[in-house]
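# A structural walkthrough
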Amino acid sequence: MMHRAAVSALLLLVGCQQKMADQPSYKPLTPCVFFADGRSERPAVAGTVARGHLQTDVALFSGRRTGKSGEPRGAIAPAVIQPQTGTSGAAKQKNDQYGDFVDAFPFAMSEAVLRHGRDRFTIYCVVCHDPIGTGQGKIVERGYTAPPSYHVERLRTVPAGYLFAVISEGYGSMPSYGEQIPVRDRWAIAGYVRALQASQHFPEASWPPGKSAGSGVPRAGEKSP
Ligand code: HEC
């Protein structure tokens, strides 16, 4: 008697286990007949944002004042942003061209951030732009399009958000680095580009005592000693 009860209990248990294993759910990527498109994997609802990927801060994520931050953009076309001319309309033209880019950095450019920016700049940008940013990197020596120097008037006066956008989206024949470099690192690089620009345009009157031009610091266009 005891024995039979034990056996049927065991059978029941097996039955239960089998039910649990055969749940009416689909394995990933298996076809199904329920939905018209035959896919058991349902497409994400429009506007779904993966956890941790909500980008509401337009300035931080795009360097711009307006528009959507996560918007996919192609490279900025050089035809859209023409080098400024020295005419009287230059100031207005400048506003029109760069007006949508933010001037301010979205977080403080501390020494640690700038050091990190230099580190990332050395990894990603030096190959083309060279260590001082004159546009004479090794790849350019081997025939790649020469980038403009960071020390030309136009690039010294563009808003910080524009530098960020060029890194994020690419510019003309420069590829975009939005995929490779995280957002805050791109800002750190933009900060370091600003530091490089300042290093080549530092009014001598404000130099520390005892320092003067030619005291061993390479200037734009000169080779490092
Ligand atoms: C593969 C070479 C290459 C790399 C790497 C590269 N650039 Fe460039 N960059 C260029 C070229 C070429 C141009 C000029 C493109 C043109 O005028 O069509 C340019 C232009 C620029 C400009 C000027 C845009 C303007 O308005 O004239 C900035 C700023 C810039 N790059 C920043 C960077 C930064 C920062 C990095 C590193 C994250 C970087 N670039 C990496 C090739 C490169």
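Residues numbered from 1 in each chain as written. Predicted model: local features only at pLDDT ≥ 70, side-chain atom pairs only at ≥ 80, totals over all residues.

### Quick notes on the site of the ligand
Put simply, the rule reads: All residues are tested the same way: a C-beta atom is placed from the backbone, and lying within 6 Å of a molecule or strand makes the residue near it. Secondary structure is summarised from DSSP: a helix means a run of H or I of at least four residues, a strand means a run of E of at least two, and numbering begins at the N terminus for each. Under the scheme applied, nonpolar residues are Ala, Val, Leu, Ile, Met, Phe, Trp, Tyr, Cys and Pro; charged residues are Asp, Glu, Lys and Arg; polar residues are all the others, including Gly.
Near the ligand lie 23 residues; those nearest to it are Cys125, Cys128, Pro147, Gly172 and Met174. Sorting the residues of the shell around the ligand by element identifies helix H5 (126–129), helix H8 (160–169) and helix H9 (183–200) as the ones contributing at least two each. Class assignment for the residues of the shell around the ligand results in 19 nonpolar, four polar and no charged.

### So, unusual backbone geometry
Formally: Put simply, a residue is buried when 20 or more other C-beta atoms lie within 10 Å of its own C-beta and exposed when 12 or fewer do; between those, it is partly exposed, and each C-beta is set from the backbone.
Notably, Leu29 is not glycine yet its phi reads approximately 65 degrees, a positive angle. Using a count of 8 C-beta atoms within 10 Å as the deciding quantity, one classes Leu29 as exposed. The backbone phi angle of Asp130 is positive, close to 65 degrees, even though this residue is not glycine. On the secondary structure map, Asp130 appears in the loop between H5 and helix H6 (138–141). Looking at Asp130, the number of C-beta atoms within 10 Å reads 22, which means it is buried.

### Section: the confidence of the model for the protein chain
For clarity, the cut-off: pLDDT is defined as a per-residue confidence score from the predictor, taking values between 0 and 100. What counts as a contact is two residues whose backbone-derived C-beta atoms lie within 7 Å of each other.
Considering every residue of the protein chain, the mean pLDDT works out to 83; 75% of them sit at 70 or more. Low pLDDT, under 50, characterises residues 84–88; the predicted model gives this stretch five contacts beyond four residues in sequence or across chains.

### Notes on helix H4 (residues 111–124)
Test applied: One less than the number of residues in a helix, times 1.5 Å, gives the span that helix is expected to have. When we speak of the arc, we mean the arc of directions from the helix axis to the C-beta atoms.
Between its first and last C-alpha atoms H4 spans 20 Å; for 14 residues at 1.5 Å apiece the expected length is 20 Å, and the two agree. For H4, the complete set of buried residues consists of Gly117, Arg120 and Phe121. In a view along the axis of H4, the buried residues occupy a sector of 105 degrees, so they form one face of it. Those residues of H4 that are exposed and aimed more than 90 degrees away from the buried face are Glu111 and Ala112. Those residues of H4 that are buried lie in contact with H5 and H9.

### Points about the nonpolar core
Put simply, the rule reads: What makes a nonpolar core is a set of buried Ala, Val, Leu, Ile, Met, Phe, Trp, Tyr and Cys residues, with links drawn between C-beta atoms within 7 Å.
Among the nonpolar cores identified, the biggest contains 21 residues, and Leu163, Phe164, Ile189, Ala190 and Val193 are the most heavily contacted of them. With near-sequence residues (within four places) excluded, Val193 lies in contact with Gly133, Tyr150 and Leu163.

### A short note on the environment of Gln197
Following the sequence through the fold, Gln197 ends up in helix H9. C-alpha of Gln197 to C-alpha of Ser149: the two residues are 48 residues apart in sequence and 9.7 Å apart in space. Beyond its immediate stretch of four places on either side in the chain, Gln197 contacts Tyr150, His151 and Arg156.

### With respect to the packing of H8 against H9
For clarity, the cut-off: What counts as an axis is a line fitted to C-alpha atoms, over the stretch in contact for a helix, and the angles between N-to-C directions run from 0 to 180 degrees. For classification, angles of less than 35 degrees are called roughly parallel, those exceeding 145 degrees roughly antiparallel, those between 65 and 115 degrees roughly perpendicular, and all remaining angles oblique. Whether a crossing is left-handed or right-handed is set by the direction in which the near helix is turned from the far one by less than a right angle, anticlockwise for left-handed and clockwise for right-handed.
At a closest axis distance of 9 Å, the pairing of H8 and H9 adopts a crossing angle of 125 degrees. As judged from the angle between their axes, H8 and H9 are oblique. Both H8 and H9 take part in a crossing whose hand is right-handed. On H9, the residues touching Ala160, Leu163, Phe164, Ile167 and Ser168 of H8 are Arg186, Trp187, Ile189, Ala190, Val193 and Arg194. Of the residues in the contact of H8 with H9, the class split is eight nonpolar, one polar and two charged.

### Examining the environment of Gly178
Inspection of the secondary structure puts Gly178 in the loop between H8 and H9. Of the residues examined, Gly178 has 17 C-beta atoms within 10 Å and is grouped as partly exposed. Gly178 sits 12 residues away from Val166 along the chain, and the two C-alpha atoms are 9.3 Å apart. Ignoring sequence-local partners within four residues, the contact set of Gly178 consists of Ser168 and Glu169.

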